[in-house]
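# Architecture at a glance
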Amino acid sequence: KVKSGEIIGMASQPNYNPNKIINKPNEEYWNEILKNKLSPLTNRSVQGLYSPGSTFKMIVALAALKKGVINSNDLATCEGKIEFGDRIYHCWKTKGHGSMNVISGIKESCDVFFYKSVQKIDIDNLYSVFMQFGFGRKTNIDIPNEAFGLVPNKDYMFRRYGKYGWSRGALLNLAIGQGELLVTPIQVLNYINLISTKGESPNCHFVVVDNLPNNSKPELEAIIWQQVHDGMRSAIIDKKGTGKKSDPNIDGLSIHGKTDTAENPHGDNHAWFTGWVKYFDKKYSIVILLENAGSGGSIAAPIAKLVFKKIISNKLVASR
């Protein structure tokens, strides 16, 4: 639940049957779990580390808008690629998106718009905004063994590659959530909650307590938040929006979302959908990550649609 931070559902697959371990020793089953290459003991929601891909385009937009290097009237032309240094960086839409602003850039997930925008930011400025949204550190969710993730800054890049072993071209990879970035799904959920509430969401948690740990509280002008909200809403309702397959078209329900097809150096692409649904005065956020599944818009978004339908049909909104 966005406003309270309460988690009402979490799943990580593959899983295992704890009763086979707790009730009595079962060495055969335990060894089967340990040898499983898919690592069922890993809670991917809090321990899985992934490239966030295009889910990070909103945070790059927020950083650029906050820094004042772009505004709502700025346009960038996408011809399907951009030349930077001695490399060509391609947009996912090879024919190009044409003229893009920040809202349409989010709506259509235009890589070139964000390639151009991020060039106006220093990597440490970008790092600062990433950290304000809770990346690169634990969210302090109330289950153990949460991973930190990774957000690079200049010091990290110097240590990893040497002073002359990297260039500003690394920023272009970060602009589309690739490169050295690593995040957990719970960090992405916290990030989306913060966007939804314009920086006011509490920590994500299972157990309701009086005193939650302090969450990040990014402070941005209302017009900046609104442009990102508008982009995420357009991604759902516009015919060119990448997340339109998540919308169950239920009266009284509105969705803001973002899809991603994240490149995976170890195999097929990962499919992401993240966003929130508002049903009258209630808001629920969601993060879906499907390992090696392909397109976020084609694979993850329809699953989000099923979840949204379930929330409404089970009357969870009305009962909580």
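Refer to the structure printed above.
This section reports on the structure supplied with the text. In this text, all values refer to a predicted model and were calculated from it rather than measured experimentally. Chains are numbered independently. Their residues run from 1 in the order of the written sequence. Confidence filtering applies because this is a predicted model: local features only for residues at pLDDT of at least 70, side-chain atom pairs given and counted only at 80 or more, and all residues used for totals across whole chains, interfaces and linings. Note: side-chain values were computed over all heavy atoms of the structure, leaving out hydrogens and water.

To continue, consider the packing of helix H4 (residues 57-67) against helix H10 (residues 185-196). The axes used here are C-alpha line fits, helices contributing only the stretch in contact, and every angle between their N-to-C directions lies in the interval 0 to 180 degrees. Numbering goes from the N terminus for both helices and strands, where a helix is a DSSP run of H or I of at least four residues and a strand is a run of E of at least two. Contact geometry for H4 and H10: axes closest at 11 Å, N-to-C directions at 50°. Classified by the angle their axes make, H4 and H10 are oblique. Handedness of the crossing formed by H4 with H10: left-handed. The residues of H10 that touch H4, namely those facing Met58, Ile59 and Leu62, are Tyr191, Ile192 and Ile195. Throughout, the term roughly parallel applies to angles under 35 degrees, roughly antiparallel to angles over 145, roughly perpendicular to angles from 65 to 115, and oblique to all others. A clockwise turn of the near helix away from the far one marks a right-handed crossing, whereas an anticlockwise turn of less than a right angle marks a left-handed crossing. Only heavy atoms enter the contact rule, under which two residues are in contact if any of them lie within 4.5 Å.

When glycine is set aside, most residues are seen to have a negative phi, and most peptide bonds are trans. Cis geometry is found at the peptide bond from Gln13 to Pro14, where omega equals 0°. In this structure, Ser39 is a non-glycine residue whose phi angle is positive, near 55°. Tracing the backbone through its elements, the reader meets Ser39 in the loop between helix H2 (27-35) and helix H3 (44-47). Backbone geometry places Phe280, a non-glycine residue, at a positive phi of 60°. By the secondary structure assignment, Phe280 is in the loop between strand S6 (270-279) and strand S7 (282-290). When its relative accessible area of 54% is taken as the criterion, Phe280 is described as exposed. For every residue, the accessible area (1.4 Å probe, protein chains only) is compared with the maximum for its type, and the residue is labelled buried under 20%, exposed over 50%, or partly exposed between those bounds.

In this section: the packing of aromatic side chains. Put simply, two rings from Phe, Tyr or Trp (the six-membered ring, in Trp's case) pair if the centres are within 6.5 Å, and we call them stacked under 30 degrees between planes, edge-to-face over 60, tilted for the rest. All chains considered together, the criterion is met by 13 aromatic pairs. Residues Phe133 and Trp225 carry aromatic rings whose centres are separated by 6.0 Å and whose planes lie at 70° to one another, so their mutual orientation is edge-to-face. Of this pair, Phe133 sits in the loop between helix H7 (123-132) and helix H8 (154-161) while Trp225 sits in helix H11 (residues 222-237), and the two are 92 residues apart along the sequence. Overall, Phe133 belongs to the buried group, its relative accessible area being 1%. A network of ring pairs unites the aromatic residues Phe56, Phe130, Phe133, Phe135, Tyr191 and Trp225 as a single cluster. Whether a charge sits over a ring depends on NZ of Lys or CZ of Arg being within 6 Å of the ring centre and within 35 degrees of the ring normal. Seen from the ring of Tyr29, Lys20 lies directly overhead, with NZ or CZ sitting 4.7 Å from the centre.

Moving on to the side chain of Ser109. By the secondary structure assignment, Ser109 is in the loop between helix H5 (102-107) and helix H6 (111-118). Of the residues examined, Ser109 reaches a relative accessible area of 5% and is grouped as buried. In contact with Ser109, other than residues within four places in its own chain, are Ser54, Lys57, Trp92, Ser104, Thr242 and Lys258.

Turning to the sheet that holds strand S5 (residues 253-262), a few remarks are in order. Here, a strand pair is defined by DSSP locating no fewer than two bridges between the strands. Spatially, S5-S6-S7 is the arrangement adopted by the 3 strands of the open sheet, whose pairing is antiparallel. Since the sheet does not close on itself, it has two edges, and those belong to S5 and S7, each with one partner. Here the average twist between neighbouring strands, direction ignored, is 10°. Of the pairings in the sheet, the one linking S5 to S6 comprises 10 bridges and is antiparallel in character. Bridge pairing in S6 places Thr261 opposite Ala271. Where H10 meets the sheet, its contacts fall on S6 and S7, and the angle it forms with S7 comes to roughly 150°.

Attention now moves to H10. By this rule the span expected of a helix is its residue count minus one, scaled by 1.5 Å. A rise of 1.5 Å per residue sets the reference length of H10, with its 12 residues, at 16 Å; its end C-alpha atoms lie 16 Å apart and thus fit the reference within 8%. Taken together, the buried positions of H10 are occupied by Pro185, Ile186, Gln187, Val188, Leu189, Asn190, Tyr191, Ile192, Asn193, Leu194, Ile195 and Ser196. Each element contacted by the buried residues of H10 is listed here: H3, H4, H7, H11, S6 and S7.

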